[in-house]
Amino acid sequence: MNIINIEHISKVYHLGIEEVHALRDVSLRIDKNEYLAIMGPSGSGKSTLMNMLGCLDTPTSGIYDFNGQSVSTMSDNELAKIRNKEIGFVFQTFNLLPRSDALHNVELPLVYAGLPYAERRERAEQTLIDVGLGDRIHHKPNELSGGQRQRVAIARALVSNPSIILADEPTGNLDSKIGEEIMQLFEEIHSKGNTIIMVTHEEYIAEHAARIIRLKDGLVEKDEIGSRGIIQKPKVATE
Amino acid sequence: MRNIVFEFKEGLLIAFRALRANKIRSALTMLGIFIGITVVVLMSTAIKGIDNSFQKGISALGSDVLYISKWQWFSNDDWWTMRNRKNIDMAQYEKFKNLVKLPLAIAPTTNSRRTVKYKDRRVESVFLNGSTSEYVKTTNFTFAQGRFYSDIESNSSRNVAVIGSEVAKSLFPRGDAMDKTIKIGGANFKVIGVLAEQGSVILGPFNPDNQVFIPIGTIFKNFESRHGRSITINVRAINPGMVADTKAEAEGIMRKVRGLRHNEVNDFSINQQEALMDQYNSVVGVIQIAGLFITGLSLFVGAIGIMNIMFVSVRERTREIGIRKAIGAKRRTILIQFLLESSTICLIGGAIGLLAAVILSMVVNQFIPTSVQVDAVIIALVVSLMTGVLAGIAPAYMAAKLDPVEALRYE
């Protein structure tokens with residue numbers, strides 16, 4: 001079943017008098033329950049593509065259909081609603097609210113969705129339990145380890161039952177052992193039926209995905225089936 | 001509609017979280033509004049208190065009383081002209097008294113200042129109010145003890161005195177003034193009455209609490225020469241509605257008594273408490289406006305402080321705003337959140353300021369009268385709230401308009 005359909009998307013930024021073509025002509029179809037990695041060197045447009053997919057930004061030209069709705073023509077408020085209900089973000093730097101506890105961080109999308117207090121508290125707590133943080137729901141981010149923080153962020157992404165999970169270098173700020181735990185968690189989430197789109201520049205992270213989109217200079221260079229687990233992660237000193 | 005209410009409630013919770021998260025900054029920001037409101041409310045309670053006190057003092061003197069004198073109160077006219085007017089003397093008063101029909105009471109008055117002593121206590125430079133027994137009928141005086149001097153005492157210039165409440169307090173702290181002999185200047189007077197507190201701090205020596213009332217004859221006998229001295233004739237109308245007519249009659253009679261021809265202007269003035277009130281009102285009006293303006297400035301400074309802090313706060317929380325937007329906060333949601341933050345800071349600061357002002361005005365009341373009005377309270381709270389909204393709107397708008405992608409990139 002098709003969730004995302006992008007046709008001939010372009011994005012042009014104007015920096016002073018210069019024009020930057022972040023995306024030139026990208027077309028993409030993503031189906032439900034896919035596990036997709038987007039790769040590319042710096043400047044290839046992968047961050048821009050992720051912002052497009054996440055409805056954080058609108059394309060300069062082209063069509064973006066999300067679950068049958070035309071996103072490219074949506075207003076700010078409509079985009080906000082889609083982000084709230086259909087998209088779960090996971091960032092490299094976690095991006096949690098530093099002065100709120102885990103529970104409040106996770107319930108925030110539900111607050112903006114208009115859910116009443118009791119219901120959203122219960123759902124948030126359950127989601128935290130699902131990612132293995134049931135005993136840390138009242139900890140603030142600075143009382144959690146890096147891996148735990150990312151789990152909170154993942155719980156936040158999951159709590160509103162979104163259509164897609166968008167992860168931008170989710171293990172970038174974690175050591176390899178913890179990073180692997182997080183990738184395990186993504187496997188679990190994927191196996192439960194969620195659709196995962198992961199932006200990365202590490203091959204061994206991308207190899208967890210079933211499909212790899214490689215970008216270069218704002219265009220899709222390759223759209224290939226990922227070879228799961230074939231390429232091992234580089235050996236690093238442990239303990 | 002239900003949505004907005006929900007957003008407000010949630011926004012309020014988020015706002016409180018933000019305030020609690022940064023207690024010191026919130027407290028310091030509140031300080032500006034707190035001081036502003038305290039000062040504004042304190043000033044208005046003081047002005048109101050002084051106003052009340054003045055009104056009370058004035059009413060003790062009677063609003064339906066005319067004061068016929070060669071001098072005009074609050075006049076822009078040439079002092080020299082008035083000085084050169086013929087004096088009003090007791091002879092004219094007697095003639096006047098016999099001819100007028102409308103007044104309720106008429107009394108001649110003159111005054112002097114002397115030190116008043118009792119045993120080893122003294123009050124310096126007391127205002128001596130000399131008149132006839134009718135004088136009390138031209139006032140609204142109430143008595144704590146005793147009575148005013150009588151016709152007989154007045155006509156025979158007996159050395160009897162009625163003392164005001166403050167004079168009594170100074171000379172007779174135990175309240176045993178009645179029938180005692182006090183020394184006024186060098187002369188002995190028997191105390192036959194003590195006035196109740198008429199109550200106006202403002203009028204100073206013209207406050208009856210600070211005066212001593214003696215028969216007019218005793219002034220001429222002991223303290224001042226009756227020649228070369230102009231007296232004032234107090235005239236009380238039957239009721240305030242009769243004042244205009246009483247004044248017209250008095251004017252006509254005075255003109256006759258002083259032998260004015262019909263083409264000559266008045267060589268005397270008929271003063272009314274109203275003139276005093278008008279003068280007072282215009283002065284108080286100016287003080288009120290000036291006071292409110294100055295104290296309003298301090299509130300304005302507080303508001304600028306809030307705006308400043310909110311801008312800083314928005315800038316500092318750019319990342320946070322980006323996160324909120326990424327997970328689905330609409331522009332309006334962010335706007336409401338920050339507006340609520342600035343509003344609650346101001347409302348809380350204002351409420352505390354109000355409390356402080358009320359407490360302070362009780363302290364200040366020891367020195368100048370203050371009066372806390374309900375409408376001042378409501379206005380203070382509304383002003384605090386509005387300050388919060390107005391000061392916060394520009395920063396809140398800026399926050400709402402942030403581009404989520406750039407905001408998330410912000411270091």
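The rules behind each value
Residues numbered from 1 in each chain as written. Chains lettered and ligands numbered in written order. Predicted model: local features only at pLDDT ≥ 70, side-chain atom pairs only at ≥ 80, totals over all residues. Helix = DSSP H or I, 4+ residues; strand = E, 2+ residues; numbered from the N terminus. Rg over C-alpha atoms; globule rule 2.2 N^0.38 Å. Buried ≥ 20, exposed ≤ 12 C-beta atoms within 10 Å, placed from the backbone. Contact = placed C-beta atoms within 7 Å. Nonpolar A, V, L, I, M, F, W, Y, C, P; charged D, E, K, R; others polar. Core = buried A, V, L, I, M, F, W, Y, C linked by C-beta atoms within 7 Å. Expected span 1.5 Å × (residues − 1). Bend = angle between axes of the 7 residues up to and from the residue. Pairing = 2+ DSSP bridges. pLDDT = per-residue confidence, 0-100.

S.K.: Is there a simple way to explain the overall build of chain B in this structure?
M.R.: Along the backbone of chain B there are 13 helices and ten strands. Against the 2.2 N^0.38 benchmark of 22 Å for 411 residues, chain B shows a C-alpha radius of gyration of 32 Å, more extended than a compact globule. On the principal axes, the C-alpha backbone points of chain B span a range of 100 × 55 × 40 Å. Per-residue burial for chain B yields a buried fraction of 41% across its 411 residues. When contacts within chain B are restricted to residue pairs at least 6 apart in sequence, those whose partners lie at least 24 apart make up 83%.

S.K.: Could you clarify how one ought to interpret the interface of chain A and chain B in this entry?
M.R.: Each partner contributes to the interface: chain A provides 21 residues, whereas chain B provides 18 residues. Sorting elements by how many residues they give to the side of chain A that touches chain B places helix H2 (residues 76-86) of chain A first, with six residues. Of the residues contributing to the side of chain A that touches chain B, the split by class is nine nonpolar, six polar and six charged.

S.K.: Help me out: how do you make sense of the nonpolar core in this one?
M.R.: One finds Ile38, Ala155, Leu166 and Ile196 of chain A together with Ile37 of chain B to be the most contacted residues of the largest nonpolar core, which totals 112 residues. Of the residues forming this core, the biggest block, eleven residues, is contributed by helix H11 (residues 331-364) of chain B. In this structure, Ile68, Val126, Val136 and Ile233 of chain B belong to the second largest nonpolar core, which totals 46 residues.

S.K.: What am I meant to see in unusual backbone geometry here?
M.R.: Most peptide bonds take the trans form, and the phi angle of most residues other than glycine is negative. Residues and elements named next belong to chain A. Even without glycine at this site, Cys55 takes up a positive phi of about 60 degrees. In this fold, Cys55 is placed in the loop between helix H1 (46-53) and strand S4 (61-66). If you check the backbone angles, Asp217 has positive phi at about 50 degrees while not being a glycine. Within the secondary structure, Asp217 sits in the loop between strand S9 (211-216) and strand S10 (219-225).

S.K.: So what exactly am I meant to see when it comes to the environment of Ile50 of chain B here?
M.R.: All names here are of chain B. On the secondary structure map, Ile50 appears in helix H2 (residues 23-61). Taking the number of C-beta atoms within 10 Å as the measure of exposure, Ile50 has 19 and is therefore partly exposed. Remark: the alpha-carbon pair of Ile50 and Pro369, spanning 319 residues in sequence, is separated by 5.6 Å.

S.K.: Please clarify how helix H12 (residues 374-400) of chain B should be interpreted in this entry.
M.R.: Residues and elements named next belong to chain B. Spanning 27 residues, H12 covers 37 Å between terminal C-alpha atoms, matching the ideal 39 Å at 1.5 Å per step. Residue Ile393 marks the point of greatest curvature in H12, where the axis turns by about 45 degrees; the proline Pro395 follows within four residues. Among all positions of H12, only Ala376, Ala380, Val383, Ser384, Thr387, Gly388, Ala391, Gly392, Pro395, Ala396, Ala399 and Ala400 are buried.

S.K.: Sorry if this is basic, but what is going on with the pairing of strand S2 (residues 105-118) of chain B here?
M.R.: Every other side chain in a regular strand lies on the same face of the sheet, so the side chains alternate between the two faces. Residue and element names in this part refer to chain B. Bridging between S2 and strand S9 (residues 232-236) involves five bridges; their strand directions are antiparallel. Across the sheet, Thr109 pairs through a bridge with Thr232, a residue of S9. Pairing between S2 and strand S3 (residues 121-131): eight bridges, direction antiparallel. Across the sheet, Tyr118 pairs through a bridge with Arg121, a residue of S3. Hairpin connection between S2 and S3: a loop of two residues separates the two successive antiparallel strands, and Lys119 in this loop has a positive phi of roughly 50 degrees. Bridge count between S2 and strand S6 (residues 181-184): two bridges; the pairing is antiparallel.

S.K.: Whenever I open this one, the environment of Val12 of chain A confuses me. Can you help?
M.R.: Residues and elements named next belong to chain A. With respect to the helices, strands and loops of the structure, Val12 is situated in strand S1 (residues 2-15). Note: C-alpha distance between Val12 and Thr200 (188 residues apart in sequence) is 22 Å. Leaving out residues up to four positions away in the same chain, Val12 has contacts with Glu19, Val20, His21 and Thr60.

S.K.: What is the right way to look at the confidence of the model for chain A in this model?
M.R.: When pLDDT is low, close inspection of the predicted coordinates is not appropriate. All names here are of chain A. Summarising the model, chain A shows a mean pLDDT of 89, and 95% of its residues fall at 70 or more. Low pLDDT (under 50) marks residues 229-233, which in the prediction has eight contacts with non-local residues, meaning those over four places away or in another chain. Low pLDDT, under 50, characterises residues 235-239; the predicted model gives this stretch two contacts beyond four residues in sequence or across chains.

S.K.: Would you explain the confidence of the model for chain B in this entry?
M.R.: Residues and elements named next belong to chain B. Overall, the prediction assigns chain B a mean pLDDT of 87, with 97% of residues at 70 or greater. The weakest mean pLDDT in chain B belongs to helix H3 (residues 79-83) at 80; the strongest belongs to strand S5 (residues 160-163) at 94. Across the interfaces of the predicted complex, the ipTM metric reaches 0.90, alongside a pTM of 0.72.

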